[in-house]
Amino acid sequence: MKELIQKLKETQNLSKEEWISLIENRSVELSDYLFAQAREVRHQYYGKEIYVRGLIEFTNYCKNDCFYCGIRKSNANTTRYRLTKEDILTCCKSGYTLGFRTFVLQGGEDGYFTDSRLCDIVSSIKSSYPDCAITLSVGEKSYESYQALFEAGADRYLLRHETFDSVHYQKLHPSSLTAENRQQCLWHLKEIGYQVGTGFMVGSPYQTSENLADDLLFIKSLNPQMIGIGPFISHRDTPFKDQTSGSLELTLFMLGLLRLMLPKVLLPATTALGTISPNGRELGILAGANVIMPNLSPINIRKNYLLYDNKISTGDEAAESLNSLKRSMADIGYQIVVSRGDSLN
Ligand code: SAM
């Protein structure tokens, strides 16, 4: 199996059968070997720097009903909220002072935020912080909407494809949502000129090694600037409440593979990774990740953006949690830097 990892490192390409074989035959020893190779590649392009993105979860209203997601529209146990433009600008202000140079606006698919409202928010952030990048993560939209938001000043867009295989996709989503449309959105975003992020959940219900291999092949063909992956974690108020969550071990292995497949990609150690293990994000960095996305949302609403059970939310002010992240990253030999952190990919 080590030969396959060497081949991947040298060619950045494997066949579907080779991906499946690596995933199914992984071991502790193989993982350690993979992570060492992934770190080498990561250090070559990004050194020991870690980029931070200030995450602003600005609405938990959502018109969709994804079977796994805690803010799905059918969950009547969630207290719904929307931040105002002023709230969002206040988050950016405190984030800027702390050294954040990327703001990520993430939310459910909330009809209240029309193109004109969102464009106004994006252009206001851009004019106040012209040296910052704005990332949107607000789901599937028309080409025209993506175009308008790009022209308003959005630089990047995160839209996980969730799973490439359309049969698997349909086991995770209602029939109103399709894998084809999700993927089409990603191609549109790329065409418009966004720096694009995609990704998937690891260990989502009914996922097979073949599904994961298809995810890797799709990502290779999309060639995005960012890839967000994290374990699926069950949420008590969803149809998947009794499903087993994804593992730390497989998520780390997939991070290592992604670093070798797209050496210059931006790879976050996600909140979900930090949720399934207290040192999950540190282990993610040691497996090849190079981005962390601390929460800049107001403390009082964080408990309502609960995508899955036990989502980490320290209740600390952004400053406090950034300081503790800086310490824990320094402990493993990495430095959080003040930078837009654009992708080299
Ligand atoms: N609405 C936007 C969209 O669809 O991309 C952004 C918000 S959505 C909640 C962000 C991501 O959360 C999804 O892409 C999904 O992968 C992740 N997510 C949702 N529920 C999850 C769960 N139970 N476990 C792990 N990740 C989850």
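A brief structural summary.

Here is what the cut-offs are and how they apply
Residues numbered from 1 in each chain as written. Predicted model: local features only at pLDDT ≥ 70, side-chain atom pairs only at ≥ 80, totals over all residues. Heavy atoms only, no water. Helix = DSSP H or I, 4+ residues; strand = E, 2+ residues; numbered from the N terminus. Rg over C-alpha atoms; globule rule 2.2 N^0.38 Å. Buried < 20%, exposed > 50% of the residue type's maximum accessible area, 1.4 Å probe, protein only. Contact = heavy atoms within 4.5 Å. Areas by Shrake-Rupley, 256 points an atom, 1.4 Å probe, with all protein chains shown as cover. Phe/Tyr/Trp six-rings, centres within 6.5 Å; stacked < 30°, edge-to-face > 60°. Lys NZ or Arg CZ within 6 Å of the ring centre and 35° of its normal. Near = heavy atom within 4 Å. Polar contact = N/O pair within 3.5 Å; in protein donor to acceptor, adjacent residues only side chain to side chain. Nonpolar A, V, L, I, M, F, W, Y, C, P; charged D, E, K, R; others polar. Core = buried A, V, L, I, M, F, W, Y, C linked by side-chain atoms within 4.5 Å. Axes fitted to C-alpha atoms, helices over the stretch in contact; angles between N-to-C directions. Parallel < 35°, antiparallel > 145°, perpendicular 65-115°, else oblique. Left-handed = near helix turned anticlockwise from the far one by under 90°.

### So, the overall build of the protein
Across its full length, the protein holds 14 helices and nine strands. Against the compact-globule benchmark of 20 Å for 345 residues, the protein has a radius of gyration of 19 Å, which places it among compact chains. Viewed in the frame of its principal axes, the protein has a C-alpha envelope of about 55 × 45 × 35 Å. By residue count, 58% of the 345 residues in the protein fall in the buried class. Excluding contacts between residues fewer than 6 apart, the proportion of contacts in the protein whose partners are at least 24 apart in sequence is 75%. Entry remark: accessible area of the protein is about 13400 Å², with carbon and sulfur atoms responsible for 50%.

### Considerations on the packing of aromatic side chains
Using the criterion set out here, one finds 13 aromatic pairs in the structure. Between the aromatic rings of Tyr157 and Tyr194, the centroid separation amounts to 5.7 Å while the plane-to-plane angle is 80°, which identifies the pairing as edge-to-face. One end of the pair, Tyr157, is in strand E5 (residues 156–158); the other, Tyr194, is in the loop between helix H8 (179–192) and strand E6 (195–202), with 37 residues separating them in the sequence. For Tyr157, a relative accessible area of 0% translates into the label buried. Ring geometry for Trp187 and Phe218: centres 6.4 Å apart, planes at 90°, overall edge-to-face. Separated by 31 residues along the polypeptide, Trp187 in helix H8 and Phe218 in helix H9 (residues 209–222) bring together distant segments of the chain. On the basis of relative accessibility, which here comes to 5%, the residue Phe218 falls in the buried class. Joined through ring pairs, the aromatic side chains of Phe67, Tyr206, Phe232 and Phe240 make up one cluster. A cation over a ring is seen here: Lys2 above Tyr33, with NZ or CZ 5.1 Å from the ring centre. The ring centre of Tyr334 lies 5.3 Å from the NZ or CZ of Lys48, which sits over that ring.

### Looking at the site of the ligand
In the vicinity of the ligand there are 18 residues, among which Tyr68, Gly107, Arg160, Glu162 and Ile233 approach most closely. A distance of 3.0 Å is found between a nitrogen atom of the ligand and a backbone nitrogen or oxygen belonging to Tyr68. Here Gly107 contributes a backbone N or O atom positioned 3.0 Å from a nitrogen atom of the ligand. Protein contacts shield 92% of the accessible area of the ligand, which totals 560 Å² for the unbound molecule. Of the residues that constitute the shell around the ligand, the class distribution is ten nonpolar, five polar and three charged.

### Looking at the nonpolar core
One finds Ile56, Met254 and Leu257 to be the most contacted residues of the largest nonpolar core, which totals 95 residues. The element best represented in this core is helix H10 (residues 248–261), accounting for nine residues. Apart from residues lying up to four places away in sequence, Ile56 is in contact with Leu83, Ile88, Cys91, Cys92, Phe103, Val104, Leu105, Gln106, Leu296 and Ser297. If you look at the next biggest cluster of nonpolar residues, it comprises ten residues, including Val104, Met226, Leu266 and Met293.

### Thoughts on the packing of helix H1 (residues 2–11) against helix H2 (residues 16–24)
The geometry of a pair of packed helices is captured by two quantities: the angle between their axes and the separation between those axes. At a minimum axis separation of 10 Å, H1 and H2 run at an interaxial angle of 130°. In this view, H1 runs oblique relative to H2, as classed from their interaxial angle. Crossing hand, H1 versus H2: left-handed. Touching Leu4, Ile5, Lys7 and Leu8 of H1 are Glu18, Trp19, Ser21 and Leu22, all from H2. For the contact of H1 with H2, the residue count by class is five nonpolar, one polar and two charged.

### What about unusual backbone geometry?
Phi is positive for Tyr206, which is not a glycine, with a value near 70°. Along the chain, Tyr206 turns up in the loop between E6 and H9. Look at Tyr206 and you get partly exposed, because its relative accessible area is 46%. Phi is positive for Asn310, close to 60°, though the residue is something other than glycine. A residue is classified by how much of its surface remains accessible, and Asn310, at 64% relative accessible area, is exposed.

Function cannot be read off these values alone, since they describe shape.
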